[in-house]
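A structural walkthrough
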Amino acid sequence: MDLSIIIPTFNRLWSLPEAIASCPRSDRIEIIVVDDGSTDATWKWLSTQPGITAIRQENWGKAAAVNAGIAAASGTYVKFLDSDDLLIGDAVSAQLAFALNHGPDICVAGYQACYLDSGTQVLHSWEDCGDFLAQQLGECDSSHYSAYLFRREFLQDVSHRPEFAFRDDRMFILECALKMPTVLAWEQPTLMHRHHGKQRIQFQPGSTAVVTNWQELQMYRKILRLLDHHKLATPRRKAAMSNNIWALALRIGAHNIREGSDVIAWLHTINPGFAIPSGGQNRLYRSIGYRPAQLIVNAARACRNGLRKLGLFQS
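Notes on the structure in this doc start here. From a predicted model like this one, the values you see are computed outputs, not experimental measurements.

1. Remarks on the overall build of the protein chain
Across its full length, the protein chain holds 11 helices and 11 strands. Against the compact-globule benchmark of 20 Å for 315 residues, the protein chain has a radius of gyration of 21 Å, which places it among compact chains. Along the first, second and third principal axes, the C-alpha set of the protein chain runs to 60 × 50 × 35 Å. Within the protein chain, contacts between residues at least 6 apart in sequence are counted, and of these 73% link residues at least 24 apart. In the structure as shown, the protein chain presents an accessible area of about 14800 Å², 54% of it carried by carbon and sulfur atoms. Counting 32 positive and 30 negative side-chain charges, the protein chain places the centres of these two groups 8 Å from one another.

2. Observations regarding the pairing of strand E7 (residues 111-115)
When you tally the buried positions in E7, you get 4 out of 5 residues, the bulk of the element. Where E7 folds back onto strand E8 (residues 120-124) in an antiparallel hairpin, the turn is made up of 4 residues, including Gly119, whose phi is positive at roughly 80°. One ladder, built from 5 bridges, connects E7 with strand E11 (residues 191-195); its direction is parallel. Bridged to Tyr115 within E11 is His195.

3. Some points on the pattern of salt bridges
For the structure on display, the rule yields 16 salt bridges. Arg161 serves as the salt-bridge partner of Glu175, at 2.8 Å between the closest nitrogen and oxygen. In this pair, Glu175 is assigned in helix H6 (residues 168-178) and Arg161 in the loop between strand E9 (149-151) and H6, connecting sequence segments 14 residues apart. Here Glu175 falls in the buried class, since its relative accessible area comes to 13%.

4. Here we look at the side chain of Asp85
Examined against the element boundaries, Asp85 turns out to sit in the loop between strand E4 (77-80) and strand E5 (86-87). In terms of polar contacts, Asp85 uses its side chain to reach the side chain of His193, at 3.0 Å. Within polar-contact distance, the side chain of Asp85 engages the backbone nitrogen of Arg194 at 2.8 Å.

5. Description of helix H5 (residues 132-139)
Side chains of residues three or four places apart in an α-helix project in the same direction, reflecting 3.6 residues per turn. Of all 8 residues in H5, 7 are buried, a share of seventy percent or more. Buried within H5 we find Phe132, Leu133, Ala134, Gln135, Gln136, Leu137 and Gly138. Where H5 begins, the capping side chain belongs to Asp131, and its oxygen is found 3.1 Å from the backbone nitrogen of Leu133.

6. Examining the pairing of E8
Summarising the sheet, E7 and E8 pair through 5 bridges and their orientation is antiparallel. When the sheet's bridge partners are listed, Cys114 is paired in E8 with Gln121.

7. Observations concerning the packing of helix H8 (residues 235-253) against helix H9 (residues 257-270)
Running from N to C, H8 and H9 cross one another at 170°; their axes reach a closest spacing of 8 Å. What the angle tells us is that H8 and H9 run roughly antiparallel. The segment H8 lies against H9, with Lys238, Met241, Ser242, Ile245, Trp246, Ala249, Ile252 and Gly253 engaging Ile257, Glu259, Gly260, Val263, Ile264, Trp266, Leu267 and Ile270. Here the contact of H8 with H9 is composed, by residue class, of 11 nonpolar, 3 polar and 2 charged.

8. A closer look at the sheet that holds E5
Spatial ordering of the open sheet is given by E5-E11-E7-E8, a layout of 4 strands whose pairing is mixed. Pairing within the sheet leaves two strands with one partner each, and these edge strands are E5 and E8.

9. Let's talk about the packing of aromatic side chains
Evaluation of the coordinates by the stated rule reveals 14 aromatic pairs. Between Phe80 and Tyr145, the aromatic rings sit 5.3 Å apart at their centres with planes inclined by 10°, giving stacked as the arrangement. Here Phe80 is found in strand E4, whereas its partner Tyr145 is found in the loop between H5 and E9, with 65 residues between them in sequence. For the pair formed by Phe80 and Tyr145, the shared burial category is buried. Aromatic pair Tyr148 and Phe150: ring centres 5.9 Å apart, planes at 50°, arrangement tilted. Under the relative-accessibility criterion, Tyr148 is labelled buried at 1%. By the ring-pair criterion, three or more aromatic residues cluster together here, those being Phe80, Trp126, Phe132, Tyr145, Tyr148, Phe150 and Phe172. A cation sits over an aromatic face here: Lys179 above Phe154, 4.2 Å from the ring centre. Between Arg221 and the ring centre of Trp266, over which it is positioned, the NZ or CZ distance is 4.3 Å.

10. Structural notes on the state of the cysteines
Under the defined criterion, the tally for this structure stands at 0 disulfides. Free cysteine Cys129: the closest other cysteine sulfur is in Cys140, separated by 3.9 Å.

Conventions we followed
Position labels on residues start from 1 in each chain and follow its written sequence. The predicted nature of this model means local features are confined to residues of pLDDT at least 70 and side-chain atom pairs, given and counted, to a pLDDT of 80 or more, with totals for whole chains, interfaces and linings taken over all residues. Excluded from the side-chain calculation are hydrogens and water; included are all heavy atoms of the structure. Secondary structure elements are defined from DSSP: runs of H or I of at least 4 residues count as helices, runs of E of at least 2 residues count as strands, and each element is numbered from the N terminus. The globule rule is 2.2 Å times the number of residues to the power 0.38, and the radius of gyration it is compared with is taken over C-alpha atoms. By definition, residues are in contact when any of their heavy atoms lie within 4.5 Å. Using the Shrake-Rupley algorithm and a 1.4 Å probe, accessible areas are obtained, with residue cover drawn only from the displayed protein chains. The positive count covers Lys and Arg only, the negative count covers Asp and Glu only, and His and the chain ends enter neither. Note on charges: their place is set at NZ of Lys, CZ of Arg, CG of Asp or CD of Glu. Using a 1.4 Å probe on the protein chains alone, a residue whose accessible area is under 20% of its type maximum counts as buried, one over 50% counts as exposed, and one in between counts as partly exposed. For two strands to be treated as a pair, DSSP must find no fewer than two bridges joining them. Any carboxyl oxygen of Asp or Glu that lies within 4 Å of a side-chain nitrogen of Lys or Arg is treated as forming a salt bridge with it. Within 3.5 Å is the distance limit for a polar contact, defined as a pair of N or O atoms, with the added protein rule that one can donate a hydrogen and the other accept it, and that residues adjacent in sequence qualify only through two side-chain atoms. The convention used is that axes are lines fitted to C-alpha atoms, helices contributing only their stretch in contact, and that angles between N-to-C directions extend from 0 to 180 degrees. Orientation is classified from the angle alone, with under 35 degrees giving roughly parallel, over 145 giving roughly antiparallel, 65 to 115 giving roughly perpendicular, and any other angle giving oblique. We call Asp, Glu, Lys and Arg charged. Ala, Val, Leu, Ile, Met, Phe, Trp, Tyr, Cys and Pro are nonpolar, and the rest, Gly among them, are polar. Centre distance within 6.5 Å is the pairing criterion for rings of Phe, Tyr and Trp, where only the six-membered ring of Trp is used; planes under 30 degrees apart are then read as stacked, over 60 as edge-to-face, and the remainder as tilted. Lysine NZ or arginine CZ positioned within 6 Å of the ring centre and within 35 degrees of the ring normal marks a charge as sitting over the ring. Defined by distance alone, a disulfide is two cysteine sulfur atoms within 2.5 Å.

Right, here's the structure in full:
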């Protein structure tokens, strides 16, 4: 088997058939769908579909579903696909042929973002910055991991981590990058990443957003320890990680300014030369500092939310 396409799904019968239909078909390609305990008609529908390896499990979450798919896979390469996204089939077939010919640990590619409400499409070409680890840590656009092919043997000691459930994709690719893989790029986009009004696991509201931010913070703390342990924590890579930690501090500060301030303090121990990015709202943070700026931003947000509830503010 040349390729295993792994699709975890939960209550997405509205999009799963289209996701499966987008996959290239060949007797050398297997499609593995893991139903994570859906309560809609997903399993009933999957049970009628030929040419698909369907696995049903209790609702243990996406990370467990993906791991079950990897355990069942037999392809030389593995590709992951969310059940609300699409593959660009011809490009994936060409990417696979390229990977099989050259044998990289990871074959990367760009992707196409599609905004379903407006029909707008935006191309995100693969951007090679010369350091795959720095790129994944935040130096530049790292594309989308569902646009990649992973050599299955390379993944033997890497899995999706349930403890980072809302950031498991990001933790997964960072762990892959820490192994210093051989990486080759396929020039065509291979994924259609769809933006829609339905909820995605990565973007949750309310208290779940607080948990998501906490998981991301723990992820970066873990990654920094691993970087230090493997002597991979170069100034360039720490600076790359700083970009994402800054954005995370703002999200945390939206819920708790003291905790956001603690993240900022930690950021400056990682990268003492860190400078707040210029432009936009960051101008306020640059001019008066994190804590007072965050107070203003939070007050403005609370005011907007109050006006919105009264029907006096349109976002």
